[in-house]
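What follows is the residue order along each chain.
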Amino acid sequence: MKNLTLTVSQLNEYVRRTFASDPLLHGICLTGELSNLKHHSYGHWYFTLKDEEAAINCAMFRQSAYALRFRPENGQRVRLFGSVGLYAKTGSYQFYVDAMEPDGVGELYLRFEALKRKLTQEGLFDPSLKKLLPVLPGGIGIVTSKTGAVVHDIMRVAWRRFPGMPLYLFPVKVQGEGAAEEIAQGLRVLDGLPQIDVIIVGRGGGSMEDLWAFNEETVARAIAACQTPVISAVGHETDFSIADLAADLRAPTPSAAAELAVPERDALLGEIDSLDGELLRAFERQLEQKRLRLSVLQQRLAAASPVQRSERLRAALAALSVRLDAAANAALLRKRNSVDRLLLQLRASGPMETMKRGYAVVMKSGSLVRGTADVCAGDFLQIVMADGRVDATAQNILPDAKRV
């Protein structure tokens, strides 16, 4: 028998048949915690069931998975019904699941899902209600146990990032009876302190029972009622709680919560220096623009000033005066020439010019003698000639018969 030679496939097939024929490996109920859940596109579930000391690979095929009354989650404690078998192709020993139901903590998962649905329908988790964290908080409030590593982790990270950042601890129980009420009270107290700008609520990792206080409705409502932004930091990165959904921000760990809440002092100083430089450059650009604008306005003001306007008006008046003088002189010259022409015409048509040609004007008692009818014998007459006057006395009056 010891010289028996088998192929791998023959050995695997023998073991598979052995498992299949052993009644102790059929109709088994296994209890444990789900992990590594994978939901195949064909509807099959593949996962690992584990307890504190061991683990076994499991498969639940589509026809059995369709009968599930809940959706399995990693970390959930369940009871599995089925049989042990061997997958001959790979030699993998695994548990084939015919049915699954929550066990112990599984009941907590059902309560978790029920509360989650209720609060979601109320709008308690609405993303529009989430508050933003301040860039530089004046103080950080912490709601957690005073004996755990959470406080030390937050202090270490916070003071490394921003030395001297004020931290305010409200110590509470984080598991067990009354823990949820203490956590809710801590949130309300810290929310009422004006020196606190961010609150971190959380604890370290643990089982679902350990973390259950953060899945209570009273804690969720206390978080939602806070006016101060709240960061939840419950358990490890894979843990998820109702408090995470209600908080304004979820951190995978308490240390990560401190990273989110507390800015790096050196980074802020560097950003301030950078903003200061940008502000100075922007101020200089604005100042240069104002200088240019002022120069333009000064030019416009100077152009519109009364002095400049007076100078322009004075120059325009002087130019008009010159033009007026020139026009007046030209007009005067034209009038003078016209008068001269009229004088020449007048002189040419006047009696003086006639008298210069040998004619004379006869006057009697200052009146012009127009004919012989105006003179009587013995009248005293003045005979005006071009170069003087001759006084005479009329003796004989001889009218011209042809002209009478």
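So, here is what we can say about the structure in this document.

1. Digging into the overall build of the protein
In terms of helices and strands, the protein carries 12 helices and 14 strands. In summary, the protein has a C-alpha radius of gyration of 63 Å against a globular reference of 22 Å for 404 residues, an excess of more than 25%. If you line up the protein on its principal axes, its C-alpha atoms span 210 × 55 × 45 Å. Counting the 404 residues in the protein, one finds 32% classified as buried. Sequence separation of at least 24 residues holds for 59% of the intrachain contacts in the protein that already meet a minimum separation of 6.

2. What about the side chain of Ser83?
By secondary structure assignment, the location of Ser83 is in strand S4 (residues 77-87). Once you skip the residues sitting within four places of it in the chain, Ser83 turns out to touch Leu25, His26, Gln94, Phe95 and Tyr96.

3. Some remarks on the nonpolar core
Nonpolar side chains tend to gather and get buried jointly when the protein is soluble and globular. Counting residues in each nonpolar core, the largest one holds 36 residues, and the members touching the most others are Ile183, Leu187 and Ile223. Every element with two or more residues in this core is listed here: helix H3 (105-122), helix H5 (179-191), strand S8 (198-203), helix H6 (208-211), helix H7 (217-225), strand S9 (230-234) and helix H8 (242-246). Counting residues per element, this core draws most heavily on H5, at 6 residues. Leave out the neighbours within four places in its chain, and Leu187 touches Val143, Ile199, Val201, Val219, Ala222, Ile223, Cys226 and Val230. By size, the runner-up hydrophobic cluster in this structure holds 21 residues, among which are Phe19, Ile28, Trp45 and Val78.

4. Some words on the packing of helix H4 (residues 149-161) against helix H9 (residues 254-261)
Packed helices, taken two at a time, are described by their axes: the angle between them and the distance between them. Relative to each other, H4 and H9 sit at 30°, their axes nearing to 8 Å. Our classification of the angle between H4 and H9 gives roughly parallel. Helix-helix and strand crossings are classified by hand; for H4 and H9 the assignment is right-handed. Along its contact with H4, which presents Val150, Asp153, Ile154, Arg156, Val157, Ala158, Arg160 and Arg161, the element H9 presents Pro254, Ser255, Ala258 and Glu259. When the residues that make up the contact of H4 with H9 are grouped by side-chain class, the tally is 6 nonpolar, 1 polar and 5 charged.

5. A closer look at the pattern of salt bridges
Tallied over the full model, the rule gives 15 salt bridges. Measuring nitrogen to oxygen at the nearest pair gives 3.3 Å for the salt bridge that ties Asp244 to Arg250. Overall, the relative accessible area of 5% leaves Asp244 in the buried class. Look at Arg250 and you get partly exposed, because its relative accessible area is 24%. Of the charged contacts, one joins Arg291 and Glu288 as a salt bridge, the two residues approaching to 3.3 Å between their closest N and O atoms. With Arg291 and Glu288 both in helix H10 (residues 265-304) and 3 residues apart, this pair spans about one turn of that helix.

6. Concerning the sheet that holds S9
Spatially, 5 strands are ordered S7-S6-S8-S9-S10 in an open sheet, and the strand pairing comes out parallel. Looking at which strands have only one partner, the edges of the open sheet turn out to be strand S7 (167-171) and strand S10 (249-250). Where S8 lies against S9, 5 bridges are found, and the strand directions are parallel. Within the sheet, the bridge partner assigned to Ile199 lies in S9 and is Val230.

7. Considering the pairing of strand S5 (residues 92-102)
For strand S3 (residues 55-60) and S5, the ladder comprises 3 bridges, and the chain directions are parallel. Considered in S5, the bridge of Ala59 is made with Tyr96. Where S4 and S5 come together, 10 bridges link them in antiparallel fashion. Counted as the bridge partner of Leu86 is Tyr93 from S5. Hairpin connection of S4 to S5: 4 residues between the antiparallel strands, including Gly91 at a positive phi of 70°.

8. Details of a nonpolar patch on the surface
On the surface, a nonpolar cluster with roughly 280 Å² of combined accessible area is contributed by Leu4, Leu6 and Leu11. Take Leu4: it is sitting in the segment before helix H1 (8-21). What makes Leu4 exposed here is its relative accessible area of 52%.

9. Section: the sheet that holds strand S14 (residues 388-393)
The sheet built from 4 strands is open, its strands ordered S12-S11-S13-S14 with antiparallel pairing. Each edge of the open sheet is held by one strand with a lone partner, namely strand S12 (367-368) and S14. Taken together, the 2 bridges between strand S11 (residues 361-364) and S12 define a ladder with antiparallel strand orientation. Residue Lys364 lies in a different strand from S12, and its bridge partner there is Ser367.

10. Concerning the packing of aromatic side chains
Under the defined criterion, the tally for this structure stands at 2 aromatic pairs. Geometrically, the ring pair formed by Phe19 and Tyr93 is edge-to-face, given 6.1 Å between the ring centres and 70° between the ring planes. Separated by 74 residues along the polypeptide, Phe19 in helix H1 and Tyr93 in strand S5 bring together distant segments of the chain.

11. Focus: unusual backbone geometry
What you tend to see is this: most non-glycine residues have negative phi, and most peptide bonds are trans. In this structure, Asn36 takes a positive phi of about 55° despite not being glycine. Relative to the helices and strands, Asn36 is located in strand S1 (residues 28-39). Positioned with a positive phi, Ser365 is a non-glycine residue whose angle comes to about 55°. Residue placement: Ser365 occurs in the loop between S11 and S12.

What counts and how
Residues numbered from 1 in each chain as written. Predicted model: local features only at pLDDT ≥ 70, side-chain atom pairs only at ≥ 80, totals over all residues. Heavy atoms only, no water. Helix = DSSP H or I, 4+ residues; strand = E, 2+ residues; numbered from the N terminus. Rg over C-alpha atoms; globule rule 2.2 N^0.38 Å. Buried < 20%, exposed > 50% of the residue type's maximum accessible area, 1.4 Å probe, protein only. Contact = heavy atoms within 4.5 Å. Core = buried A, V, L, I, M, F, W, Y, C linked by side-chain atoms within 4.5 Å. Axes fitted to C-alpha atoms, helices over the stretch in contact; angles between N-to-C directions. Parallel < 35°, antiparallel > 145°, perpendicular 65-115°, else oblique. Left-handed = near helix turned anticlockwise from the far one by under 90°. Nonpolar A, V, L, I, M, F, W, Y, C, P; charged D, E, K, R; others polar. Salt bridge = Lys/Arg side-chain N within 4 Å of Asp/Glu carboxyl O. Pairing = 2+ DSSP bridges. Patch = residues over 30% accessible without salt bridge, like charges linked within 9 Å, V, L, I, M, F, W, Y side chains within 5 Å. Areas by Shrake-Rupley, 256 points an atom, 1.4 Å probe, with all protein chains shown as cover. Phe/Tyr/Trp six-rings, centres within 6.5 Å; stacked < 30°, edge-to-face > 60°.

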